Amino acid sequence: MKYKILVGVSNRHVHISKEHLEILFGKGYQLKVLREIRQPRQYAAEETVTLLGKQDLQARIVGPLREKTQVEILTTDQYVLGIKVPKKVSGDLDNTPGIKIKGPKGIINLENGVIIAEKHLHLSQEESEKLNLSNGSRVNLVHENGTKFNAIVRSGKDHLSEFHLDKDEAESLNIKTGDYVEIEY
Ligand SMILES: [Zn+2]
């Protein structure tokens, strides 16, 4: 069986807590939706923040608000910012470095939460059951250009089938948003 999955390439971005949003943008601040993204209820916000480092970088906020602030940077950003960052699955913030983040109304000193997101395959609950995969499973994928890779599965409610990888990795593998990958059995 062939099962085609859409590719989504992510740039550096920030998931933010309510507390941190209010320090950076002011009390009661509400994010504005720039565009919806494929994962249910998630959106790229109009708001960007500045990551402070050896050289500063702009990063877009991805909504909605989360319990914990998490900064996802690109591999090459490490040299620009001057920090060493582990490759992690989203949400796993143990042993990750922090960073200073600047918004129009203030600065936060995030103690930890900076990661390079490991490439991953989102699947809905139904899709993962149909494919006999579960959250944390590993799958082999093949791109329409023949490139093969292994990725971790993230599934459950609020997920829809989509293969996510960051801009640096996508460029090195020569793949882009809107391409397709297939699960290899
Ligand atoms: Zn993702």
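Remember, predicted model here, so these are calculated numbers, not experimental data.

**Student:** I would appreciate a short explanation of the overall build of the chain in the present structure.
**Tutor:** A tally of regular secondary structure across the chain gives 4 helices and 15 strands. For the chain, the spread of C-alpha atoms along the principal axes amounts to about 55 × 35 × 30 Å. For the chain, restricting intrachain contacts to residue pairs at least 6 apart in sequence, the fraction spanning at least 24 positions comes to 66%. A total accessible area of about 9800 Å² is found for the chain, and carbon and sulfur atoms account for 48% of it. If the 27 positive side-chain charges of the chain are averaged to one point and the 26 negative ones to another, these points end up 3 Å apart.

**Student:** Teacher, can you tell me more about the pattern of salt bridges here?
**Tutor:** Pairing of side chains with opposite charge becomes possible as their charged atoms draw close. The final tally for this structure, using the stated rule, is 12 salt bridges. With a closest N to O distance of 3.6 Å, Lys 32 and Glu 47 form a salt bridge. One end of the pair, Lys 32, is in the loop between helix H1 (18-25) and strand E3 (33-36); the other, Glu 47, is in strand E4 (residues 43-52), with 15 residues separating them in the sequence. Overall, Lys 32 belongs to the partly exposed group, its relative accessible area being 40%. Classification of Glu 47 by relative accessible area gives buried; the value is 5%.

**Student:** I would appreciate a short explanation of the coordination of the zinc ion in the present structure.
**Tutor:** In ideal tetrahedral geometry, four donors around a metal make angles of 109.5 degrees, whereas ideal octahedral geometry with six donors gives angles of 90 or 180 degrees. Coordination of the zinc ion by the protein involves His 120 (NE2), His 122 (NE2) and His 164 (ND1), with metal-donor separations of 2.0 to 2.1 Å. Looking at His 120, the relative accessible area reads 9%, which means it is buried. For His 122, a relative accessible area of 4% puts it in the buried group.

**Student:** Help me out: how do you make sense of the nonpolar core in this one?
**Tutor:** Soluble, globular proteins show a tendency: their nonpolar side chains are buried together. Within the largest apolar cluster, 23 residues are counted, with the highest numbers of intra-cluster contacts made by Val 49, Leu 51, Ile 61, Val 71, Ile 73, Ile 99 and Ile 101. When contributions to this core are tallied by element, the ones reaching two or more residues are H1, E4, strand E5 (57-63), strand E8 (99-102), strand E9 (107-110) and strand E10 (114-117). For this core, the element with the most residues is E4, which contributes 4 residues. When neighbours within four sequence positions are excluded, Ile 73 is seen to be in contact with Arg 12, Leu 51, Gln 78, Leu 81, Val 85, Val 114, Ile 115, Ile 116 and Asp 166. Judged by nonpolar contacts, the second largest core, of 18 residues, contains Ile 5, Val 7, Val 153 and Val 181.

**Student:** Got a minute to help me understand the environment of Gln 30 in this structure?
**Tutor:** As for its placement among the helices and strands, Gln 30 is situated in the loop between H1 and E3. Separated by 20 residues in sequence, Gln 30 and Thr 50 have C-alpha atoms that sit 18 Å apart.

**Student:** Even after reading the chapter, I still don't get the packing of aromatic side chains, so can you show me in this structure?
**Tutor:** Where two aromatic rings form a pair, the distance of their centres and the angle of their planes describe that pair. One pass over the structure, following the stated rule, counts 2 aromatic pairs. An angle of 10 degrees between the planes, with centres 5.2 Å apart, marks the rings of Phe 149 and Phe 163 as stacked. Of the two residues, Phe 149 is situated in strand E13 (residues 148-155) and Phe 163 in strand E14 (residues 162-166); the sequence distance between them amounts to 14 residues. Like Phe 163, Phe 149 is buried. The residue whose ring lies beneath Lys 4 is Tyr 180, and the NZ or CZ to ring-centre distance is 5.3 Å.

**Student:** Please explain the sheet that holds E14 as it appears in this structure.
**Tutor:** By definition, the strands of a sheet pair up through backbone hydrogen bonds, in either a parallel or an antiparallel sense. Read once around its circumference, the closed barrel built from 6 strands follows the order E1-E14-E11-E13-E12-E15, with strand pairing classed as mixed. Direction aside, neighbouring strands of the sheet carry axes that sit 40 degrees apart on average. As paired strands, strand E11 (residues 120-123) and E14 are joined by 3 bridges and run antiparallel to one another. Within the sheet, the bridge partner assigned to His 120 lies in E14 and is His 164.

**Student:** Please explain H1 as it appears in this structure.
**Tutor:** Taken residue by residue, H1 has His 20, Leu 21, Glu 22, Leu 24 and Phe 25 as its buried positions. Buried positions along H1 lie against E4, E5, E8 and E9. Following H1 by one or two positions, Gly 26 adopts a phi angle in the positive range, close to 110 degrees.

So, how was this worked out
Residues numbered from 1 in each chain as written. Predicted model: local features only at pLDDT ≥ 70, side-chain atom pairs only at ≥ 80, totals over all residues. Heavy atoms only, no water. Helix = DSSP H or I, 4+ residues; strand = E, 2+ residues; numbered from the N terminus. Contact = heavy atoms within 4.5 Å. Areas by Shrake-Rupley, 256 points an atom, 1.4 Å probe, with all protein chains shown as cover. Lys, Arg positive; Asp, Glu negative; His and termini not counted. Charge placed at Lys NZ, Arg CZ, Asp CG, Glu CD. Salt bridge = Lys/Arg side-chain N within 4 Å of Asp/Glu carboxyl O. Buried < 20%, exposed > 50% of the residue type's maximum accessible area, 1.4 Å probe, protein only. Donors = N, O, S within 2.8 Å, 3.2 Å for Na, K, Ca; no water. Core = buried A, V, L, I, M, F, W, Y, C linked by side-chain atoms within 4.5 Å. Phe/Tyr/Trp six-rings, centres within 6.5 Å; stacked < 30°, edge-to-face > 60°. Lys NZ or Arg CZ within 6 Å of the ring centre and 35° of its normal. Pairing = 2+ DSSP bridges. Axes fitted to C-alpha atoms, helices over the stretch in contact; angles between N-to-C directions.

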